[in-house]
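# Structure assessment
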Amino acid sequence: MTRQKKVVWLDVGTHRGQEFRSIFSSDLRILSRLLKHVRKREAGVSFKEALAYAHTVWHGRKALKARRASVYAVMVEANPFILSQPVYADADAVFALALGQRNASDLSFGKLFLVDADIGGQGSSIYETKPNIAQSDFVPCVVMDPDVFVESLKSLLSDFEWDYDVILRINCEGAEDEVIYAAHKAFGTRLVHVFGSLKDVEGVKGEAAYRALMDFMRAEDLPFTYFSSETSSWLDSHAELAKILAKT
């Protein structure tokens, strides 16, 4: 018997899930975002160009949304105070923890440092060296070693007896390199694409760490596409996701 094919959407640093919701939230919400994109288009972009972009995203996104049953969505979020956001009710699995290497153990308590003391804000990090956080403003969180988490997730997925590929949507404020290395180590060629933002690796750990990550991804032929809440990032990201889902 042929095994069911799935795409595992591993979302690390989900926050409000803007990227996932750019595909799988209500049509009315996405239409509103795209109309705003047209109204507030960037300098040098004509109304006609912005409208054509919105039209392409709208139709491509509807085709992706129809494939929701082929996606197994795993959300990982360190801040327990934002788990009431609507995206978590749409997930297939939710883990309230941060991923980051620690010397003491595989699992420990840590601090999630807040940006501008905003408990629901974006950009919070477990790293004291992140430039825009204050060490006096934090919420407690659970920190788990990325290797342990990804290996545990792999074991869990094996219980479903699927044939699956993994996409990693990531923006976890400095731990991106650790998670990518761990995911590639565990999943190998099943990890087919990385989406999100990687700039915080350089901001938190320096240029050498960022260059090492870029070199690793090139050497392993691991593609990356920038994907954020910005509607300008949706077209390319959705197009890459469509290629991946076409194989299921």
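Residues numbered from 1 in each chain as written. Predicted model: local features only at pLDDT ≥ 70, side-chain atom pairs only at ≥ 80, totals over all residues. Heavy atoms only, no water.

## Regarding helix H5 (residues 176-187)
Three or four residues apart is the spacing at which side chains of an α-helix point the same way, because the helix has 3.6 residues per turn. The condition that has to hold: Runs of H or I in DSSP of at least four residues are treated as helices and runs of E of at least two as strands, each being numbered from the N terminus. Expected helix span is taken as 1.5 Å per residue step, with the number of steps being one fewer than the number of residues. Exposed residues in this analysis have more than 50% of their type's maximum accessible area, buried residues have under 20%, and partly exposed residues fall in between, with area computed by a 1.4 Å probe over protein chains only.
Along its 12 residues, H5 runs 16 Å from first to last C-alpha, staying within 8% of the 16 Å computed at 1.5 Å per residue. Burial runs high along H5: 10 of the 12 residues are buried. All buried positions along H5 are accounted for by Glu176, Asp177, Glu178, Val179, Ile180, Ala182, Ala183, His184, Ala186 and Phe187. A positive backbone phi angle near 55° is found at Gly188, which sits one or two residues after H5.

## Some remarks on empty space enclosed by the protein
Using the following cut-off: Here the term cavity refers to a set of points on a 1 Å grid, laid over the protein atoms alone, in which a 1.4 Å probe fits but cannot get out; the term pocket refers to an open set having protein on both sides within 12 Å along at least five of seven lines, with lining residues being those that place an atom within 4 Å of a point. Grid points are joined across faces, edges and corners, and a volume is the space filled by probe spheres set on the points. Basically, the charged four are Asp, Glu, Lys and Arg, the nonpolar ten are Ala, Val, Leu, Ile, Met, Phe, Trp, Tyr, Cys and Pro, and anything else, Gly included, counts as polar.
With the rule as written, the count across this model stands at two cavities of 30 Å³ or more. In this model, the largest cavity occupies a volume close to 290 Å³. Around the largest cavity sit 25 residues that line it, and Gly13, Glu77, Ser124, Cys172 and Glu173 are the ones nearest its centre. Elements with a minimum of two residues in the lining of the largest cavity: helix H1 (18-24) and strand S4 (98-99). Residue classes in the lining of the largest cavity are distributed as 10 nonpolar, 11 polar and four charged. Put simply, the second largest cavity is a space of about 50 Å³.

## Looking at unusual backbone geometry
The backbone of Glu173 sits at a positive phi, close to 55°, despite the residue not being glycine. Structurally, Glu173 can be placed in the loop between strand S7 (163-170) and H5. Here Glu173 falls in the buried class, since its relative accessible area comes to 8%. With a phi close to 55°, Asp221 is a non-glycine residue in the positive phi region. Structurally, Asp221 can be placed in the loop between helix H7 (207-219) and strand S9 (224-226).

## Brief notes about the sheet that holds S4
So the rule is basically this: Pairing between strands requires that DSSP locate at least two bridges from one strand to the other. Here a residue-residue contact requires only that any non-hydrogen atoms of the pair lie within 4.5 Å. In this analysis, axes come from line fits to C-alpha atoms, helices being fitted only over the stretch in contact, and the angle between any two N-to-C directions falls in the range 0 to 180 degrees.
Ordered by their spatial adjacency, three strands build an open sheet running S4-S6-S5, and the pairing between neighbours is mixed. Every interior strand has two partners, whereas the edge strands, S4 and strand S5 (107-115), have only one. Here eight bridges tie S5 to strand S6 (residues 133-144), and the two strands are oriented antiparallel to one another. By the bridge assignment for S6, Gly110 is matched with Cys141. Relative to the sheet, helix H4 (residues 146-158) contacts S4 and S6, its axis offset from that of S6 by approximately 40°.

## Observations regarding the packing of aromatic side chains
What counts, and what does not: Centres within 6.5 Å are what make two rings of Phe, Tyr or Trp a pair, Trp counting through its six-membered ring; a difference in plane orientation under 30 degrees is then read as stacked, over 60 as edge-to-face, and the rest as tilted. Note on criteria: charge over ring means Lys NZ or Arg CZ within 6 Å of the ring centre, with the direction from the centre no more than 35 degrees off the ring normal.
Inspection of every chain in the model, using the stated rule, returns 12 aromatic pairs. Ring plane angle 70° and centroid distance 6.0 Å describe the contact between Phe195 and Phe227, whose orientation is recorded as edge-to-face. Remark: Phe227 occurs in the loop between S9 and helix H8 (234-245) and Phe195 occurs in strand S8 (residues 191-196); sequence separation between them is 32 residues. You'll find Phe195 and Phe227 in the same group, each marked buried. Aromatic rings pair up to connect Trp9, Phe20, Phe24, Phe195 and Phe227 into one cluster. For the cation-ring pair, Lys6 lies above Trp162, with the distance from its terminal atom to the ring centre recorded as 5.3 Å.

## Notes on the sheet that holds strand S3 (residues 93-95)
Read across the open sheet, the six strands follow the order S3-S2-S1-S7-S8-S9; overall the sheet is parallel. If you trace the sheet from one side to the other, it starts and ends with S3 and S9, each paired once. Going from strand to strand, the sheet's axes swing by 20° on average, the running direction of each strand aside. Bridge count between strand S2 (residues 71-76) and S3: three bridges; the pairing is parallel. When the sheet's bridge partners are listed, Val76 is paired in S3 with Phe95.

## A few points about the layout of surface pockets
In this structure, the largest pocket occupies an estimated 210 Å³ of space. As for the largest pocket, its lining consists of 13 residues, and the residues nearest its centre are Gln122, Asn171, Glu173, Ser197 and Lys199. Split into classes, the residues belonging to the lining of the largest pocket amount to one nonpolar, six polar and six charged. Approximately 170 Å³ is the volume attributed to the second largest pocket. Forming the boundary of the second largest pocket are Arg33, Lys36, His37, Lys40, Arg41, Glu42, Glu230, Thr231 and Ser232. Grouping the amino acids of the lining of the second largest pocket by side-chain chemistry returns no nonpolar, three polar and six charged.

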